Amino acid sequence: MAPTSKIKILIGSAALLIGCCWYLMKPDKASEGDESSDAESAAAYSLRLDSPERSWQSFCGLPEGSQIISSKIVPHEGSDGRELLEITLADDAATALRYSADHFTVSSAAPGGLEMAKSLLRRTGAVLTPMPAGSRLIRVELGARDFQGIIGELTASQELVGSYATVELDGLAMGGAVPDPNDPYYANQWHHPEIGMPDAWEISQGSAGVTVAVIDTGVRTSLNDFTGRHVAGYDFANDDSDPIDDHGHGTIVATILAANANNSIGVTGIDWNCQIMPIKALNENNTGFISNITLGVDYAVDAGVDIINLSLGAQIENTGLAAAVARAVAADILVVSISHNDGINSIAMPGNLPGVLTVGATEQDGTKSAFSNWGPELDLVAPGRQMVGINDEAQVVAQWGTSVAAPQVSGAAALIKAVGANYSSEDIKHLIRAGATDQAGDANDTAGYDEYYGWGKLQVYHTLSLAASQTSIEMLGDGNVSIKWDVLETLQSRDIFDIYWSADQTNWTAIDSPSISFEGAEATWTDDGSITGVAPASAEKRFYQVKVRTP
């Protein structure tokens, strides 16, 4: 259990992982866009003559040189009556990739590019699917229903819009967990003690001021485990405002992340107080087009959430989704996703995108799950076998997969945000990676970073202890300054602390290889002037920062 004395929460400067302490020798002296003009349209039309021709692989988000051994139109398993283009590649005959056979998407990063593309496409008689207000992509109905016809229509559309926008097929994504037989309640939620939750809850149980968007099959928010714990979301799978779960995957993910605690009902989530924003991008068969995910990410960004959980993915690259995730990262929203469940050395999209915190899965003995994908984009791992949650029919069930590992990390991030509202998404990533338990798995779990376990296994108590630690400062008798902060003994061997000094809190200088000493659960660094060049007692003013970084 945690120490009996409560750890104080730092109230101080923004984005300082452990805090900022300072020593003062002397006191301070006091249009949404109208239709384009004909001239603009003519200029855009001329671009198609110079546009580089795109290959079919680029429309599918596949590596150049990929070879198809079969392609066919198949029905979508969902209830929407749509059709899919299914292609099988020569280098991976076991995997059939699926895309929409009746629409494609258009996205643009250029100012005004989307409106220009929309105008140009409409002039050709193209049918555009109605989209929610403010959408940052276009869906265009496809007339063709065979591979060559579809690629021909995409090529013509890309030549038409030229450099204003990007045309691509809308690949099919899916959730990443598979249900196991029902298994009851908290006593069977083995992951809680495994990642240090009993002690972590002594530090924080979350805050209603933190919002996590769960982009999935929806969430059955009427369950008692979500009473008072959700905000309005949207259903992009059915284009309505009721993102109710009709599969179960999203509700299980949400209960693992944030189910109510101590209510004598169901299971216990990682965070007991944060708000869940349900966004439905996948249908009743746990599948959905990538464009729905893109729309969901943009919806969450526009709503100003703190964290986005994406327990889904596809082995298909997609420009529109990559741009939406980039917008989330730029907005300082932490995006958590999965490595996926193919047991291969390849991280699925969106887990392979820059800025995403990507999670793999482990077994109860701490070893990497055989199904868990690995690669250089992996950040860390978390429990992913026999994970107990509640589905959309209020049944307690057990699931395996990276999909149920990711919400533990999202929940941990929500707890960190509750401890320090000013922590940035980068701060939170550093804290989670720095607190992870290294070399807890098999021989592939080598010291430091590796592609099988990332920086280690999620350990929420370690992470929260860093997030909630506070610094103190003491003027020593010899005129030097001593800075102290709390750090668990289990973390003292990790090289995770950076120290900075400044004379004005504007220009900060890193201390090169600071000599930090440890006694018990306390770290100490002393400024004697040998590194800064000026002894503290002789300084006009001096400020210090102690930050946590990835090992």
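To keep things clear, this report deals only with the structure shown in the data block. Everything numeric here is computed off the predicted structure, so don't read it as measured data. (Residues numbered from 1 in each chain as written. Predicted model: local features only at pLDDT ≥ 70, side-chain atom pairs only at ≥ 80, totals over all residues. Heavy atoms only, no water.)

1. Comments concerning the sheet that holds strand S20 (residues 481–486)
Across a sheet, paired strands are connected by hydrogen bonds in the backbone, their directions being either parallel or antiparallel.
And step 1. The strand order across the open sheet formed by four strands is S19-S20-S24-S23, and the pairing between neighbours is antiparallel. Each edge of the sheet is formed by a strand with only one pairing partner; in this case those strands are strand S19 (471–475) and strand S23 (517–519). Across the sheet, the mean angle separating the axes of adjacent strands is 25° when strand polarity is ignored.
And step 2. One ladder, built from five bridges, connects S19 with S20; its direction is antiparallel. Looking at S20, one finds that isoleucine 473 is bridged to isoleucine 483. (Pairing = 2+ DSSP bridges. Helix = DSSP H or I, 4+ residues; strand = E, 2+ residues; numbered from the N terminus. Axes fitted to C-alpha atoms, helices over the stretch in contact; angles between N-to-C directions.)

2. What about the sheet that holds strand S8 (residues 211–216)?
And step 1. Spatially, S9-S10-S8-S12-S14-S15-S16 is the arrangement adopted by the seven strands of the open sheet, whose pairing is parallel. A single partner strand is all that each edge strand has here, and the edge strands are strand S9 (234–235) and strand S16 (380–383).
And step 2. Running over the sheet, helix H7 (residues 249–258) touches S8, strand S10 (275–280) and strand S12 (307–310) and is turned about 155° from S8. (Contact = heavy atoms within 4.5 Å.)

3. What about the packing of helix H11 (residues 425–435) against helix H12 (residues 460–468)?
And step 1. Two elements in contact, H11 and H12, have axes separated by 7 Å at closest approach and are oriented at 130°. For the element pair H11 / H12, the angle class is oblique. For the pair H11 and H12, the sense of crossing is right-handed. Facing H11, whose interface residues are Leu431, Ile432, Ala434 and Gly435, H12 presents His462, Thr463, Leu466 and Ala467. (Parallel < 35°, antiparallel > 145°, perpendicular 65-115°, else oblique. Left-handed = near helix turned anticlockwise from the far one by under 90°.)

4. Section: the pairing of S10
And step 1. Counting buried positions along S10 gives six out of six residues, so the element sits mostly inside the fold.
And step 2. Side chains of S10 alternate between two faces, with Gln275, Met277 and Ile279 and Ile276, Pro278 and Lys280 buried alike.
And step 3. By the bridge criterion, six bridges tie S8 to S10 in an arrangement that is parallel. Its bridge partner being in S10, aspartate 216 is matched across the sheet by lysine 280. (Buried < 20%, exposed > 50% of the residue type's maximum accessible area, 1.4 Å probe, protein only.)

5. Points about the packing of aromatic side chains
Given two aromatic rings, their pairing is described by the distance between the two centres and the angle made by the two planes.
And step 1. If you walk through the whole model with that rule in mind, you get 10 aromatic pairs.
And step 2. Centre to centre, the rings of tyrosine 234 and tyrosine 299 are 6.1 Å apart; their planes meet at 35°, and the pair counts as tilted. In this pair, tyrosine 234 sits in strand S9 while tyrosine 299 sits in helix H8 (residues 290–303), placing the two residues 65 residues apart along the sequence.
And step 3. Judged by its relative accessible area of 18%, tyrosine 234 falls in the buried class. (Phe/Tyr/Trp six-rings, centres within 6.5 Å; stacked < 30°, edge-to-face > 60°.)

6. With respect to the pattern of salt bridges
And step 1. Per the counting criterion, the structure on display carries 17 salt bridges.
And step 2. Residue glutamate 115 pairs with lysine 118 through a salt bridge whose shortest N-O separation is 3.4 Å. Residue glutamate 115 and its partner lysine 118 are both found in helix H3 (residues 113–123); the two are separated by three residues, about one turn of the helix.
And step 3. One salt bridge connects glutamate 363 with arginine 385, and the closest N-O pair in it is separated by 3.0 Å. Of this pair, glutamate 363 sits in the loop between strand S15 (357–362) and S16 while arginine 385 is found in the loop between S16 and strand S17 (387–390), placing the two residues 22 residues apart along the sequence.
And step 4. Residue class for arginine 385 comes out partly exposed when judged on its relative accessible area of 26%. (Salt bridge = Lys/Arg side-chain N within 4 Å of Asp/Glu carboxyl O.)

7. What about the environment of histidine 430?
And step 1. Take histidine 430: it is sitting in helix H11.
And step 2. A relative accessible area of 21% means that histidine 430 is categorised as partly exposed.
And step 3. Considering only alpha carbons, one finds histidine 430 and threonine 550, 120 residues apart in sequence, at a separation of 4.9 Å.

8. Notes on the nonpolar core
And step 1. Counting 74 residues, the largest nonpolar core has Val409, Ile432, Leu458, Val460, Leu466 and Trp485 as its most contacted members.
And step 2. By residue number, the principal contributor to this core is helix H10 (residues 406–419), which donates eight residues.
And step 3. For leucine 458, the residues in contact, after removing those within four places along its chain, are Ile195, Leu380, Val381, Ala382, Gln408, Val409, Ala412 and Ile432.
And step 4. Core analysis: the second largest hydrophobic core is formed by 62 residues, Leu114, Leu121, Leu142 and Tyr234 among them. (Core = buried A, V, L, I, M, F, W, Y, C linked by side-chain atoms within 4.5 Å.)

In short, geometric facts, not functional conclusions.
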